[in-house]
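# Coordinate analysis (summary)
What follows is the residue order along each chain.
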Amino acid sequence: MALTSILFLGGIAAGGLGSLLGLGGGVFLVPLLVLVMDVPMRVAVGISLTTIIATSSVTTSGSVGRSLINLRLGMLLEVATTVGGLTGGLVAVLISQRRLQQLFGVVAAAGAAIMLSRLGKRNVLLDPAAEPGRLGGRYYEEESRGVVTYQVKRLPLALFVSLAAGSVSSLLGIGGGMLKVPALNAWCGVPLRAAAATSAFMIGVTATVGAVIYYGRGEIVPWMAAAAILGVMVGSRAGFRIGAAASARWLKLLLAIVLVIVSILMFLRAR
Amino acid sequence: MSAGEGRELRANADDRLERWLGKTLGAGTMLATALLALGLLLQFAGVGAEVSDRLSRAGLIVLMATPVARVLISVAEYAGQRDWPFLALTLTVLGMLMVSFLLGVG
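Note that the structure is a prediction, hence the values are computed from the model and not measured.

## Points about the interface of chain A and chain B
- Counting residues at the interface gives 49 residues for chain A, matched by 47 residues for chain B.
- For the pair chain A and chain B, the two sides together bury roughly 4100 Å², of which 74% comes from carbon and sulfur.
- Considering only the surface of chain A that becomes buried against chain B, A:Arg72, A:Met75 and A:Tyr215 emerge as the three largest contributors, covering 18% of it.
- Counting across the chain A and chain B interface gives two salt bridges.
- In this structure, B:Arg70 and A:Glu78 form a salt bridge, with 2.6 Å as the shortest nitrogen-oxygen distance.
- Put simply, chain A and chain B have six residue pairs in polar contact (both at pLDDT 80 or more) between them.
- Those elements that place two or more of their residues in the side of chain A that touches chain B are α1 (2-20), α3 (41-63), α4 (71-91), α8 (192-216) and α9 (222-245) of chain A.
- Considering each element in turn, the side of chain A that touches chain B owes the most residues, 11 residues, to α8(A).

Structure representation (structure tokens):
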């Protein structure tokens, strides 16, 4: 009972922190389970994957009608994320807990670096009269008070990053948005909001591929997953509200600091 | 039909598809949440450990089945639109999901 409450509260914290910048709760939930609650790495990853499915479904159904999700780009990149997810899920058993924790430390540190490098960046938007091309998109943007158009560039790179994001998702229980969103935004011409919404749309299917494999191996404890999922759902709603009001610059700085601490703790645990 | 009209038709179809997908994901998550919450409540109340475990498991299965339903709807939509490249892509994703279910649950 006490454990259930801790998991629920931990889910709220992880979901809240994660949704502040659209990272998903996994990057905070996994360290919480491993470092604070002493849960084995693979059990933590399995639980985290189920919370990612919930976050993806809720976020996607909530953003319908605003044309932010690029369905076609999402469905194309999903081919790569699910191949990665399947491979990651199968390979996870072959990798020692120590190595997985080190890998988590590396990815968290990379996340912090990405966050810091984007502190002052605002996204470039193309001329509204431009053609979106086969995979591009159009949506209404509040800040520009008009319809903005974008084209997708460097598709092979987007596919490669999606493959990596899919494997990381199943190995470490994080959504992979931390890799995809900056890459789509910085290199592939997709505006930040559209990249985040499309990534949130994709991670549900990606996480499902991994979660089903973990579930089949008996590594997902149903009541633990239930408590964490319910917590994450509450937390991410709260996070969205706060995120909309808070300053993006300070949020990024705060999250970068948290990620650095997570990274150091994971390395210490893996020693 | 001009290229512009074709694009408009496609955009409308995509909007409709997005709404359908949103509804499916929303309904699936709601059902899963209800099952998971009920399972936890029973666990807290201390009645029927077995029933509570089954409810949690059912909730997890519904949760994992929801994105599969989303892909199935996309497959049907692109088949209806005769959009072969995207039909092939969504079928591939469906195939990946099926492989993971076979390896995992099956």
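## So, empty space enclosed by the protein
- Counted by the stated rule, this structure contains one cavity of 30 Å³ or more.
- When its volume is computed, the largest cavity comes out at roughly 40 Å³.
- Around the largest cavity sit A:Ser56, A:Ser57, A:Phe201, A:Gly204, A:Val205, B:Leu25, B:Pro67 and B:Arg70, which together line it.
- Here the lining of the largest cavity gets three residues from one element, more than from any other, and that element is α8(A).
- When grouped by side-chain class, the residues that make up the lining of the largest cavity number four nonpolar, three polar and one charged.

## Points about unusual backbone geometry
All names here are of chain A.
- Even without a glycine there, the phi angle at Asp 38 is positive, about 60°.
- The topology assignment puts Asp 38 in the loop between α2 (26-36) and α3.
- Residues other than glycine seldom take positive phi values, yet Arg 154 does so here, at roughly 50°.
- Of note, Arg 154 is situated in the loop between β2 (146-150) and α6 (155-172).

Conventions and cut-offs
Residues numbered from 1 in each chain as written. Chains lettered and ligands numbered in written order. Predicted model: local features only at pLDDT ≥ 70, side-chain atom pairs only at ≥ 80, totals over all residues. Heavy atoms only, no water. Contact = heavy atoms within 4.5 Å. Buried area = accessible area lost by both parts, 1.4 Å probe. Salt bridge = Lys/Arg side-chain N within 4 Å of Asp/Glu carboxyl O. Polar contact = N/O pair within 3.5 Å; in protein donor to acceptor, adjacent residues only side chain to side chain. Helix = DSSP H or I, 4+ residues; strand = E, 2+ residues; numbered from the N terminus. 1 Å grid on protein atoms, 1.4 Å probe; cavity = no way out; pocket = protein on both sides within 12 Å on 5 of 7 lines; lining within 4 Å. Points joined across faces, edges and corners; volume = space filled by probe spheres on them. Nonpolar A, V, L, I, M, F, W, Y, C, P; charged D, E, K, R; others polar.

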